[in-house]
Every structure is written in structure tokens, then in C-alpha cells.
Amino acid sequence: MDYKRIEKEKYCLHFMKTDKFKTVLMRVNFKQTITKKLITENEILAGLLSNSSYELKTLKDMILKKEDLYQLGYDCSTVTSGNYIIFKSFVKFINEKYTEKGMNEASIKFFLDSVFKPNIDDNGFKKDIFDLEKNNYMEYLEGKDDNPSRYANQKFNEILGEGTPLEFDHSGDAKVLEDIDEKSIYKSYLNMLNNSSVDIFFVGDMELDDVTKIIDSYFVNVKKNKLDGEHYVSLPINELKEVKEKSNFTQGKLRMGFTITDLTDFERQYVLPIYNFILGGDADSLLFKNVREKNSLCYDVYSNFITVYSALRVVADISSKDYEKAVSIIKEMIEYMKNGEFDEEEMDKVKLNYKTSFREITDSNQSISNILESREYLNYDLPNERIEKIDSVTKDMVISLANRVNLKVIYFLEGNDGTC
């Protein structure tokens, strides 16, 4: 596979030519500095650009055209990552070597038409299409807090990430949506085109010149914008906050947040995954064995790391009567890690799983594009480098990291019964 990173005048192209796949994948990312307002705007834009274009006025038109292009896959989404918000548009189509001549260009043009030539009328998105998207999105936002896990996660993020983008509700805000109309969202769309850092990821069997020729024709009126800020976010150093909130939900939701000080790039990529897996990564983890199996305090318990915030989260659904005991055992397991009370055999198992997953990741062009994206935004190594470096992680490295894991937040959404 041949990877090239090409800085063009108005975008950066990440191009990997490979004949490994019958399909071609292409993604255009618009990256902006995150604001609370942009989260909601980008979410509704994703729906608008996914379901119609200037030439294809309705969702039915879009579906029929995708069928004509041999069941082409196309979608838009938005993700938040540290100090940035990224609007992603994506296409995956069968290479014309397996269909008919001209399908590669036709598929890319359909994709770029959908992104760069939206369904506009009188300096705004087509009103009936916009109203449908807005109403659907509003229904979702108004009902999202009915999910206790989602609610608990959001409240936990607000406490742990106070004063940082982590505290934003990353699914959007109904109050912001109320003030958006078809004309204001079109201004937001133009702002995205002209004030974003643009990355294009391409994985497939096409020639570089053929691809760039098509792309360049769509970037005539797009301004170049370079974002030089830090992608990672440092969480505030605060004293431990313990928050309990009553609810009408049945089961209690426990969330414990930890910050990790002085985390290096190497630790982030290699040491932290090993630490997390041993602590709470699967059914053999310390948390699962001790909180669930030995003490029967919950159905499930796990840990995960929030990479761009150098943070760790422990999640458990428990009965309110077991709160003190569950918190105590989780703290105990954190101390076990600090004291090195885990077997090196566990580390070997994690390393083997890690290497297997990164060998398998090159079996999908979508996974490859995700790797190229993490390399660009987060300075992550490519899969072959990761496979080589994971073996250099020692037990002392894991213990060193463990001793920089500091408990900062305990959030508990109390359940209204006494059972697990």
C-alpha cells in the first residue's frame, strides 16, 4: 500500500493507493474550533446534506441515484474531538473495474455534489426539507434525557470537564436548535466551507492525478484555513468532587472519573491501553472479577479512557444500597494497579490482542482511513509501528502510569429501588 500526504492549496489529501479492496473509500473532513453552537448546527447540517442536494431534491431521489451507482454508500456525521469539531462526509463505492467504465468519476462527483452543491433556495436550505430535519432532530433532543445512561454520562462529563469542551452536550442543544432557521443554517454551512481546515482521506485503487483533478474542481470557491491550536485538552486540576443525584430511574448509575498527569504520546498509545485493559477491559479484568463476580454488586462494570482529555472513566450500574461498597472496591482496584498487583501474563495477553487487532485493521479501507485520521489529528503511529512498539511496554511503565491516575469525580445517579 502506497501512502502519500499531499498539502494542496485549499486542503490536505491523505492518499493511499491499494488494490486490496474492490471498493473505494473517500472522506472529506471539515475541522473547526469547537463551540456549543457548532455542535447543534453541524448535527442538523449532517442530516440536510445526507438526504438531498441541488440536483436530487428528495431523499427518494438520493436513494434511487445511489442504487444506479451500484448501491453506493454515502453519509454525513459530526464528531467532537478535544478542542475541535469535525464534520465528516463519507462515500464508499465499488471500483469500476468490477462494474462499468466511468463509475469511479460518477460516484465521486455524486459525493462531492452532495457536499458542495446542497439543496438551496433563496439563500437558504429548501424550507420543507429543513423543517423536516429540524423537527426530527428536536424530537430526539427533547427525549434524550429519558435514557438514564446517556443522562448520567452527560452529567458526569459536565463535572469532570468543567470549563472545557467536555462539558458540552455533544448530541446538541434544543435551545440552540430553536433559533436556527433555513437561512441561518445556510450561513453556518458557508462558514464551515470557508473557516475549516479540510482533510480528504482516500483509500482505493485509483490514480492520484485522476482523483485530484475531480476534487480540485469543487474547491474553486473554498477558502484555505489553517488551524494551529492544540488538539488535546488539559482538564482542570481540582479537588475530588462527589455528586449524588436522585432520579426516577430503576437502577443507579455510577461514574468515576480520573485524570492522568504528564501523559506522554508513547504512554497514550501503548501504556494506557494495557493499563485500562487489565483494570476494566474485559471479563478477566480486576473490576469485573471483584465488583461483579466476587461481590455481585452489578451486572456489568468496565473502564475506558478518554484519550484527548488524558482521563479515565469507570462505569457501573448498581443498586443504591451498594454505592459505598462499590466505590470502595473500585478504589481498591486502582490501588492494586499502583502497587503492581497484576500478573505480567495479563500484559502479554493484552499485547497479543493489541497486535491482532492492528493486523486485522488493514482488512478494511474504512479502518485504514480512521488510522490515517488519527495520525493526522492525534499524532498516532501507523499500524506496523504500533505492532512493533507495543512489545516494548514494561510492567514498570504501567505502574508508573498507574501512580499518576488521580480520582477527581464520583457521580451517582441514584436508582429508586433496592436491587441490582
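This text goes with the structure placed above it.
Every value quoted in this text rests on a predicted model; they were computed, and no experiment measured them. (Residues numbered from 1 in each chain as written. Predicted model: local features only at pLDDT ≥ 70, side-chain atom pairs only at ≥ 80, totals over all residues. Heavy atoms only, no water.)

Each pair of packed helices gets described by two things: the angle between the helix axes and the distance between those axes. Across the interface, helix α10 (residues 286-293) lies against helix α11 (residues 323-338) with an axial gap of 10 Å and an inter-helix angle of 150°. In terms of axis orientation, α10 runs roughly antiparallel to α11. Relative to α11, α10 is oriented so that their crossing is right-handed. For the pair formed by α10 and α11, the contact residues are Leu286, Leu287, Asn290 and Val291 on the first element and Ile329, Ile330, Met333, Tyr336 and Met337 on the second. (Axes fitted to C-alpha atoms, helices over the stretch in contact; angles between N-to-C directions. Helix = DSSP H or I, 4+ residues; strand = E, 2+ residues; numbered from the N terminus. Parallel < 35°, antiparallel > 145°, perpendicular 65-115°, else oblique. Left-handed = near helix turned anticlockwise from the far one by under 90°. Contact = heavy atoms within 4.5 Å.)

Across all of its chains, the model carries 33 salt bridges by this definition. Among the salt bridges present, the one from Asp131 reaches Lys127, with a minimum N-O distance of 3.2 Å. Residue Asp131 and its partner Lys127 are both found in helix α4 (residues 127-143); the two are separated by 4 residues, about one turn of the helix. Note that Arg150 is salt-bridged to Asp169, the shortest N-O span being 3.4 Å. Of this pair, Arg150 sits in helix α5 (residues 148-160) while Asp169 sits in the loop between α5 and α6 (174-178), and the two are 19 residues apart along the sequence. On the basis of relative accessible area, Arg150 is assigned to the buried category, the value being 19%. Salt bridges linked by common partners bring Lys17, Lys97, Asp205 and Glu207 together as one network. (Salt bridge = Lys/Arg side-chain N within 4 Å of Asp/Glu carboxyl O. Buried < 20%, exposed > 50% of the residue type's maximum accessible area, 1.4 Å probe, protein only.)

Looking now at the environment of Leu297. If you trace the backbone, Leu297 turns up in the loop between α10 and β9 (298-306). Considering only alpha carbons, one finds Leu297 and Tyr323, 26 residues apart in sequence, at a separation of 8.9 Å.

What follows is about the sheet that holds strand β7 (residues 241-245). On the basis of which strands lie adjacent, the open sheet formed by 5 strands has the order β7-β11-β8-β10-β9 and mixed pairing. Two strands in the sheet have a free side with no partner beyond their single neighbour: β7 and β9. Neighbour-to-neighbour, the strand axes of the sheet open up by a mean angle of 15°, direction not taken into account. Of the strands in this sheet, β7, β8 (252-260), β9, β10 (311-318) and β11 (405-413) are in contact with α5, which crosses β11 at around 140°. Sheet contacts for helix α9 (residues 265-280): β8, β9, β10 and β11; angle to β9, the most-contacted strand, approximately 170°. (Pairing = 2+ DSSP bridges.)

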